[in-house]
Amino acid sequence: MNGNLFATMRAAIADPARPFLHADGRKSLSYADMLAASARYANVLASLGVKPGDRVAVQTGKHVDSVWLYLGCLRAGAVYLPLNPAYTPAEVSYFVGDAEPALVVCEPGSLATLRAILGAAAGRIETLDAAGTGTLQQSVRDMPATFATVATSPDDLAAILYTSGTTGRSKGAMITHENLRSNAIALVESWRFSAGDVLLHALPIFHTHGLFVAINTVMLSGASMIYLPRFDIDAVMAALPHATTMMGVPTFYTRLLADGRFDRAAASHMRLFVSGSAPLSAETHRAFTARTSHAILERYGMTETNMITSNPYDGERRPGAVGFALPGITVRIADPETGTALPQGEVGVIELKGPNVFSGYWRMPEKTAQEFRADGFFVTGDLGYVDPDGYFTISGRAKDLIISGGFNVYPAEVENALDALPSIGESAVIGLPHADFGEAVTAVVTARAGRAVDEAAIRGELESVLAKFKIPKRILVKDALPRNAMGKIQKNALREEFAGLYAS
Ligand code: AMP
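Residues numbered from 1 in each chain as written. Predicted model: local features only at pLDDT ≥ 70, side-chain atom pairs only at ≥ 80, totals over all residues. Heavy atoms only, no water.

Colleague: Explain empty space enclosed by the protein here, please?
Modeller: Unfilled space is identified by rolling a water-sized probe across the atoms. The tally for this structure, following the rule as stated, stands at 1 cavity of 30 Å³ or more. In terms of lining residues, the largest cavity is bounded by Leu-180, Asn-183, Ala-184, Leu-187, Phe-212, Val-213, Asn-216, Thr-217 and Asn-306. Looking at the lining of the largest cavity, the elements with two or more residues in it are α7 (177-190) and α8 (208-221). Looking at side-chain class alone, the lining of the largest cavity contains 5 nonpolar, 4 polar and no charged residues. (1 Å grid on protein atoms, 1.4 Å probe; cavity = no way out; pocket = protein on both sides within 12 Å on 5 of 7 lines; lining within 4 Å. Points joined across faces, edges and corners; volume = space filled by probe spheres on them. Helix = DSSP H or I, 4+ residues; strand = E, 2+ residues; numbered from the N terminus. Nonpolar A, V, L, I, M, F, W, Y, C, P; charged D, E, K, R; others polar.)

Pasting the structure below:
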C-alpha cells in the first residue's frame, strides 16, 4: 500500500464530478479539477528539481492555488512547509536557513526582499498570487494534468510546521503521512463527515487547524468546502445557508455572537460547529446554544500531535471541556515531574501516545527527547484533569504560551525582541483576558537608565522584526518587575495587576 496521504485521499473519491471547492466569484471546482490541478503542481515541482523528501517553503495568501500546491507537494513526496504570511522577512530567513528548502514560494510583492535577504540559502524562489500571475502558476499551465503519486512510506514526512519555541527559537515539527492520515480518519468518523457535507472554511491554511483538520477531513470524506480568504463576518453570514459544518477558533464564535444577524435561522442549515486551537469559554458555549440551539463541539490538539481529544458527536458536548481521546489515541494526566499517571480529578500535564504524534523536531534531537517520556508518551505542556464522567478539561498551561485570536505567541520571542531595543531595561510579556482575542499580548517593561520608553515608537520598531500578531497590544512601563526569591519574574503577579486592562 502506498503510505502517501494523497493515495488515501484519491481512494476516497467516489465520484470525481462531485464538488470539492467553492471559492468566491468562481465556479465550483470538482474533485476532477482538484486531481488535474494537483497533478500539474506535482509535475512543476518535479520539473524544478524538487525530489521526494525535499522541503517546499510556502509563504502566500490563502489562494485556491495554495491548496493545489499543498496537494502537489504531497503527490510529489515533497515536504510542505507553510509559513504565516504575517511573518517578516527576518523571521522567514530563520525558517529557510533551518529547513533548507529546495524551493521557496512567495507572493510576487515579497520576491525582491526575500531574494535579497535569503541569498543562496533559498534554493529557488517562485511566486504565486491570487490573480494567477505568479511564476509558478505560469509554469503550471504547460504541465500535464496527470501524475503518478509518489509512493512513500507512512513514516515519511509530509510537512514541517514551525512552532515557536519557549526559548524563542522556533522548532520545526515533522509531520508524517501516517500522522495526518490516521488523524483525518479519526475526525471523519468522530464528527460524521460525509460526501454531503459542505465545510465553511474561513481559517488560515498555514496552520494545522485550517490546513490539516479542515482540508484533510473534507478530502477523506468526499465533502466540499466554501473557501473564504479569511473570517469576514459578512462573507461568513452569506455562506452559512450553504454550509453544513464550520471549524473555527473561539474568536470566530464570539464575533458571530456579537453580530445581531446571527440567530437560529442563520444557523439552521448547519449540522456542526467545531471549535479549537484556544480555549472556548463555557460562557460563549452556553450563549451560542441559547442563540442557535447548537452546542459547539470543542476539540483539543496541537501542531505536534494533530487532534487529541474531542467532545462527542452524540452525547453531551460539555461547555469548558475538551472531551475524550480520539480513536486510537491514549491520553493520560501525569505528574509533570515524573510522568506518573495521576488519579481522576487531579491536575497534571496532558500526555499522549498514538499514530497522530509527530516524529520529532527538525534537526533538534535533544529538544525532541525532552518532550517525550521514556515510555514514549509526548508531553503537551498543557495542564488538565479528567472529570468524574471521563471528560478531559484543560485548566492551564505549564508552557509559557499566549494564544491570541487562535495564534500562538511565545513570550520569550517577544521579550528577546524588546530587550534588544536601546530604551528597554527588561521586559515580561504576558497574555491578558480580552473579549475578542481571548488573550491579548501585553508587555510590561522597565526603561533603561536615562532612557524613556515611547510605546508607539517601540511598536514601530518591533514591526520590522516580529509578525503583527506577536506585537504587544499595550506596552506598560514600571519602575521594576516583580521577582521571586530565585530572581524569576513573577508573571502571575503582573497578570493579576493588569487583569482588567482590556475590560472596557
Ligand atoms: P497549535 O500548535 O498552534 O495548534 O497550539 C496548540 C496549543 O493550543 C495547545 O497546546 C493548547 O495549549 C492550545 N489549545 C488547542 N486547542 C485547545 C482547546 N480546545 N482548549 C484550550 N487550549 C487549546
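Colleague: Help me understand the packing of α7 against α8 in this model?
Modeller: Helix-helix packing is described using two parameters, namely the angle between the two axes and the distance between the axes. Across the interface, α7 lies against α8 with an axial gap of 9 Å and an inter-helix angle of 70 degrees. Here α8 runs roughly perpendicular to α7, going by the angle between their axes. Packed against α7, whose contacting residues are Leu-180, Arg-181, Ala-184, Ile-185, Leu-187 and Val-188, the element α8 presents Phe-212, Val-213, Asn-216, Thr-217, Leu-220 and Ser-221 at the interface. (Axes fitted to C-alpha atoms, helices over the stretch in contact; angles between N-to-C directions. Parallel < 35°, antiparallel > 145°, perpendicular 65-115°, else oblique. Contact = heavy atoms within 4.5 Å.)

Colleague: I keep staring at the sheet that holds strand β19 (residues 392-397) and nothing clicks. Help me out?
Modeller: Sheet strands associate in pairs through backbone hydrogen bonding, adopting either a parallel or an antiparallel arrangement. Spatially, the 4 strands line up as an open sheet ordered β16-β17-β18-β19, and their pairing is antiparallel. On the outer flanks of this sheet lie β16 (330-334) and β19, each paired with one strand and no other. The sheet shows a mean angle of 50 degrees between the axes of neighbouring strands, direction not considered. Sheet topology note: the β16/strand β17 (residues 348-353) ladder contains 5 bridges and is antiparallel. Within the sheet, the bridge partner assigned to Ala-334 lies in β17 and is Val-349. (Pairing = 2+ DSSP bridges.)

Colleague: Teacher, can you tell me more about the pattern of salt bridges here?
Modeller: Pairing between side chains becomes possible if they bear opposite charge and their charged atoms approach one another. For the structure on display, the rule yields 24 salt bridges. As a salt-bridge pair, Glu-126 and Arg-124 come within 3.1 Å of each other at their nearest N and O atoms. The salt bridge involving Lys-470 is made with Glu-413; its shortest N-O contact spans 3.0 Å. Here Glu-413 lies in helix α13 (residues 411-419) and Lys-470 lies in the loop between α14 (455-462) and β24 (474-477), a separation of 57 residues in the sequence. (Salt bridge = Lys/Arg side-chain N within 4 Å of Asp/Glu carboxyl O.)

Colleague: What is the right way to read α13 from this model?
Modeller: Since there are 3.6 residues in each turn of an α-helix, residues three or four apart along the chain are aligned in direction. The element α13 is extensively covered by neighbouring structure, given that 7 of its 9 residues are classed as buried. Here α13 has its buried residues at Pro-411, Ala-412, Glu-413, Val-414, Glu-415, Ala-417 and Leu-418. (Buried < 20%, exposed > 50% of the residue type's maximum accessible area, 1.4 Å probe, protein only.)

Colleague: Help me understand the sheet that holds strand β13 (residues 297-302) in this model?
Modeller: Here we have 9 strands laid out as an open sheet, ordered β2-β1-β10-β9-β11-β12-β13-β14-β15, and mixed in their pairing. At either margin of the open sheet sits one strand with a lone partner, and together these are β2 (29-30) and β15 (324-325). Strand direction decides the pairing type here: strand β1 (residues 19-23) and strand β10 (residues 224-227), joined by 3 bridges, are parallel. When the bridges of β10 are listed, Ala-23 appears paired with Tyr-227. Across the face of the sheet, helix α10 (residues 250-257) comes into contact with β11 (245-248) and β12 (272-275) while running at roughly 115 degrees to β11.

Colleague: Hey, could you run me through the site of the ligand in this one?
Modeller: The local shell around the ligand holds 18 residues, among which His-207, Arg-299, Thr-303, Asp-382 and Lys-399 are the closest. Contact between the ligand and Asp-382: an oxygen atom at 2.6 Å from a side-chain N or O atom of the residue. Here the ligand has 500 Å² of accessible area as a free molecule, and 97% of this is covered by the chains. Within the residue set of the shell around the ligand, elements represented by two or more residues are β13 and β19. Tallied by class, residues from the shell around the ligand come to 7 nonpolar, 6 polar and 5 charged. (Near = heavy atom within 4 Å. Polar contact = N/O pair within 3.5 Å; in protein donor to acceptor, adjacent residues only side chain to side chain. Areas by Shrake-Rupley, 256 points an atom, 1.4 Å probe, with all protein chains shown as cover.)

Spatial relationships are all this shows, so hold off on functional conclusions.
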